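Survey of secondary and tertiary structure
Given next are the chains, with one letter for each unit.
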Amino acid sequence: MAVNRNRTFNLNDKRRALLETLLHKEGVEVLRPDRIPKHDPNEPLHLSFAQERLWLINKLAPSSTPYNIATAIRLTGELDKAALAQSLVEVVRRHESLRTTFALDNDGRPVQVIAPPDLAFKMIERDLGNVPDAEKEREAKRLARITTSEPFDLSQGPLLRAELLRLSDNDHVFVVATHHIVSDALSVDLFVNEITTLYEAYSHGRSSPLPELTVQYADFAQWQRKKITSDVLKEQLAYWKDRLAGAQSVLALPTDRPRPLIESHRGALEDFELPASLLHAVRELSKQENATLFMTLLAAFQTLLFRYSGLKDILVGTPIANRGKAELENLIGFFVNTLVIRTEFHDGENFHDLLQRVRDTALAAYAHQDVPFEKLVEELQPQRNLGHQPIFQVLFTVQNMGERSGSSAFRGLRMKSLDFDSGTAAVDLAWIVEEKPNQFLIRVQYSTDLFDSTTIARMIGNFETLLSAIVANPLQDLSKQPLLSETERRELLVEWNDTDAQYPSELLAPQLFEYHAAQTPAAIAVTCGDERLTYGELNERANQLAHYLRRLGVGPEVLVGVCVDRSIEMIVGLLGVLKAGGAYVPLDPSYPLERLALMLDDSRAPVLLTQEQLADSL
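Residues numbered from 1 in each chain as written. Predicted model: local features only at pLDDT ≥ 70, side-chain atom pairs only at ≥ 80, totals over all residues. Heavy atoms only, no water.

1. Looking at the overall build of the protein
Along the protein, the regular secondary structure elements total 18 helices and 20 strands. When the 618 residues of the protein are sorted by exposure, 50% land in the buried category. Contacts spanning at least 24 positions in sequence make up 75% of the contacts within the protein whose residues lie at least 6 apart. On the protein, roughly 30400 Å² of surface is accessible, and the fraction owed to carbon and sulfur atoms is 50%. (Helix = DSSP H or I, 4+ residues; strand = E, 2+ residues; numbered from the N terminus. Buried < 20%, exposed > 50% of the residue type's maximum accessible area, 1.4 Å probe, protein only. Contact = heavy atoms within 4.5 Å. Areas by Shrake-Rupley, 256 points an atom, 1.4 Å probe, with all protein chains shown as cover.)

2. Quick notes on the pattern of salt bridges
The full count for this structure, using the stated rule, is 37 salt bridges. Close ionic contact of E137 with R74 constitutes a salt bridge, the shortest N to O distance being 3.0 Å. One end of the pair, E137, is in helix α4 (residues 136-149); the other, R74, is in strand β3 (residues 68-76), and 63 residues separate them in sequence. Given a relative accessible area of 35%, E137 falls into the partly exposed group. Put simply, R74, E137, K141 and D171 are held in one network by salt bridges that share partners. (Salt bridge = Lys/Arg side-chain N within 4 Å of Asp/Glu carboxyl O.)

3. A closer look at the packing of aromatic side chains
Scanning the entire structure with this criterion turns up 13 aromatic pairs. With a centroid separation of 6.5 Å and 75° between ring planes, the pair formed by F301 and F463 is classed as edge-to-face. With F301 in helix α9 (residues 293-309) and F463 in helix α12 (residues 453-472), this pair connects stretches of sequence that are 162 residues apart. For F301, a relative accessible area of 0% gives the class buried. Summarising the aromatic geometry, the rings of W431 and F463 are spaced 5.5 Å apart at their centres and angled 70° between planes, so their arrangement reads as edge-to-face. Linking W431 in strand β14 (residues 429-436) with F463 in helix α12, this pair joins segments that are 32 residues apart in sequence. (Phe/Tyr/Trp six-rings, centres within 6.5 Å; stacked < 30°, edge-to-face > 60°.)

4. Things to note about the sheet that holds strand β13 (residues 414-417)
In any sheet, the strands associate via hydrogen bonds between backbone groups, in a parallel or an antiparallel arrangement. Judged by pairing direction, the sheet is mixed, and its 5 strands sit side by side in the order β6-β7-β8-β3-β13 without closing on themselves. Among the strands making up the open sheet, the edge pair consists of β6 (124-127) and β13. Neighbour-to-neighbour, the strand axes of the sheet open up by a mean angle of 20°, direction not taken into account. Along the sheet, helix α3 (residues 81-94) contacts β6, β7 (160-168) and β8 (171-179); its crossing angle with β7, the most-contacted strand, is approximately 170°. (Pairing = 2+ DSSP bridges. Axes fitted to C-alpha atoms, helices over the stretch in contact; angles between N-to-C directions.)

5. Some details on the confidence of the model for the protein
Mean pLDDT over the protein stands at 87; residues scoring 70 or higher make up 93%. Taking the mean pLDDT of every element in the protein, the minimum, 38, falls on strand β1 (residues 8-10) and the maximum, 96, on α9. Contacts of residues 1-15 to residues separated by more than four positions or lying in other chains number 24 contacts, the stretch itself having pLDDT below 50. Note that pLDDT drops below 50 for residues 27-31; the model gives that stretch 33 contacts with residues more than four away or on any other chain. (pLDDT = per-residue confidence, 0-100.)

6. Focus: the sheet that holds strand β20 (residues 607-610)
Reading across from one edge, β19-β18-β20 is the order of the 3 strands in this open sheet, with parallel pairing throughout. At either end of the open sheet lies a strand with only one pairing partner, and these are β19 (583-586) and β20. Ignoring which end each strand starts from, the neighbouring axes of this sheet average 30° apart. Where strand β18 (residues 559-563) and β20 come together, 4 bridges link them in parallel fashion. Counted as the bridge partner of C563 is T610 from β20.

7. Overview of the packing of helix α14 (residues 509-519) against helix α16 (residues 568-579)
Across the interface, α14 lies against α16 with an axial gap of 8 Å and an inter-helix angle of 115°. For the crossing formed where α14 meets α16, the hand is left-handed. Facing P510, F513 and E514 of α14, the residues of α16 in contact are L575, L578 and K579. (Left-handed = near helix turned anticlockwise from the far one by under 90°.)

8. Some remarks on the nonpolar core
By size, the foremost hydrophobic cluster in this structure holds 72 residues, and its most contacted members are L297, F396 and W431. Among the elements that line this core, the one with the most residues is α9, at 12 residues. Leave out the neighbours within four places in its chain, and L297 touches V282, F396, V398, V433, F440, F463 and L467. (Core = buried A, V, L, I, M, F, W, Y, C linked by side-chain atoms within 4.5 Å.)

9. Focus on the state of the cysteines
Following the criterion strictly, the structure yields 0 disulfides and no others. Among the cysteines around C528, which has no disulfide bond, C563 carries the closest sulfur, lying 16 Å off. (Disulfide = S-S within 2.5 Å.)

10. Details of the environment of V471
Structurally, the position occupied by V471 is in helix α12. As for V471 and E435, which are separated by 36 residues in sequence, their C-alpha atoms are 17 Å apart. Setting aside chain neighbours within four positions, we find V471 in contact with L278, A281, V282 and L285.

11. Considerations on the environment of A597
Tracing the chain through its elements places A597 in helix α17 (residues 593-603). With 10 residues separating them along the chain, A597 and L587 place their C-alpha atoms 9.8 Å apart.

12. Some remarks on unusual backbone geometry
Here G157 and P158 are connected by a cis peptide whose omega angle stands at -5°. Its place among the elements puts P158 in the loop between α4 and β7. We note that E557 has phi near 70°; this positive angle belongs to a residue other than glycine. Residue placement: E557 occurs in the loop between α15 (535-551) and β18. The backbone of R604 sits at a positive phi, close to 55°, despite the residue not being glycine. Along the polypeptide, R604 turns up in the loop between α17 and β20. Its relative accessible area of 62% is what places R604 among the exposed residues.

13. A few points about a nonpolar patch on the surface
Taken together, the side chains of L484, L492, L493, V494 and W496 present a nonpolar region at the surface, about 460 Å² in accessible area. Following the sequence through the fold, L493 ends up in helix α13 (residues 486-495). On the basis of relative accessible area, L493 is assigned to the exposed category, the value being 52%. (Patch = residues over 30% accessible without salt bridge, like charges linked within 9 Å, V, L, I, M, F, W, Y side chains within 5 Å.)

14. Some thoughts on the packing of helix α7 (residues 231-243) against helix α10 (residues 351-367)
Across the interface, α7 lies against α10 with an axial gap of 10 Å and an inter-helix angle of 145°. Contacts between α7 and α10 involve Q236, Y239, W240 and R243 from the first element and T361, A364, A365 and A367 from the second. Class assignment for the residues of the contact of α7 with α10 results in 5 nonpolar, 2 polar and 1 charged. (Nonpolar A, V, L, I, M, F, W, Y, C, P; charged D, E, K, R; others polar.)

15. Let's talk about the pairing of strand β4 (residues 100-104)
Relative to strand β5 (residues 110-114), β4 is paired through 5 bridges, and the arrangement is antiparallel. When the sheet's bridge partners are listed, T100 is paired in β5 with I114. Counting the residues between successive antiparallel strands, the hairpin from β4 to β5 contains 5 residues, one of them, G108, with a positive phi of roughly 80°.

Written out as structure tokens, the structure reads:
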């Protein structure tokens, strides 16, 4: 059911939880009776809590771009460039956030610096007329990605870029990029809505029809700072501290590569369309269970994470608009807050029981949504690690695309979103479900430090299989719900096990390897990143290690501890131990030191193979 996002209700706090469920996922806004006052011009303009966190992240990594937001719109038809440029200037004038940069006050605290309304802002134009027609869209996406991937200087600004790419006289791409510190996803919608409204007026020679804004983002930031000390927020903060007490700091999903010490924020995007019939079935199940579509899909997604990780305590972040006041509805800025949905799984549980708990958890989270996530991190003080985000590493959200920017259109132009991959990822996984009237699209933004595209595609396929099984039988034990399609099951159980081959059966494993190395010495035997060894090279290195181990006394019945990261050295080490006649004891470097010490003591291994970077810890 489509719900107008502009509907509003004025309700007290006791009824807010249920209505803000609809706000979050069905488009209903809940307005609070108190109004946001104008800030005191004599006081410094401190940052909102969300802005402060992004400012600190930027100070640590000023060249990183995971918090750049961009949109590209394809405009087909006769474009009035002057009207578009005038519309852009007017939007920048109206919204102080788009004229804001950040500096330090005399006490060393970051403050907002707002440029005057007459700030000169110019749209950049690029002509792609010389690009072959077949390559124009690809080139437009490439340039849009460059616009997005260019770092912003928060102290200089502007923190908004706009480019117009001319493909032909009647074909243009309008690209807009901002830093998240002055914008969010809903702000992008508002930006496009205002641009189209102003373009309609200016292209007819009329003045702006948009009413002046009653407050600006700086007003909200100062109000939030004062409000956070209230008793209500103290109570909400106590709820979150209790709710998240004892939670695991990292969701250990199976990855294609070990987690780096410092995350690079390099990412990619994968899209996958699910059948419309499945969307209909999920909607029906949601109605039966008295849950929203978001709750049902979240419960299914957390089930996927539970099955993938084997962990029974799953934390997932989900963004919420955080615009519960009338004066914030049409304001561009960084308002979005992040809620943490914690779900614990029980043995023998079915989806019906799980969904009821997820529903109650989500309602409670919405009732306590006023605490900024940044304030929560500050209070919980999780152990900081540059390799992952604090508290959660996976985001989940459902977007009703039938309601977003649905009424926006440039006069006389056909308008279509031009999707492109920004090449960044702020978290390990951002799982975005786009719900359209007859379409069910999953978009996964993921860290390429951890995952390959094939892994993400397989994960999406597993989600479809799991979701189909859930709607077919929600009372089935969650641990027994299928993840693999019939094709995958056959591949895993039949094709991959069809390993019959002729070989000298009298040879032991090291001798079999030597036999194969002699047959194909130049063939690649092992790769790791950019490193690779042929069978001949691997055999030579393993022989060298085996001779060394023999001199140390390694032979039959002698155990050798092997504690190395996943690497070519690990393969050389294992093969060298076998060639020396010994047996290896695998020691995972990610284990706690106490566990490794216990394993070494229990095995009584006289020799330990490790790497220089691990030696000190052992």
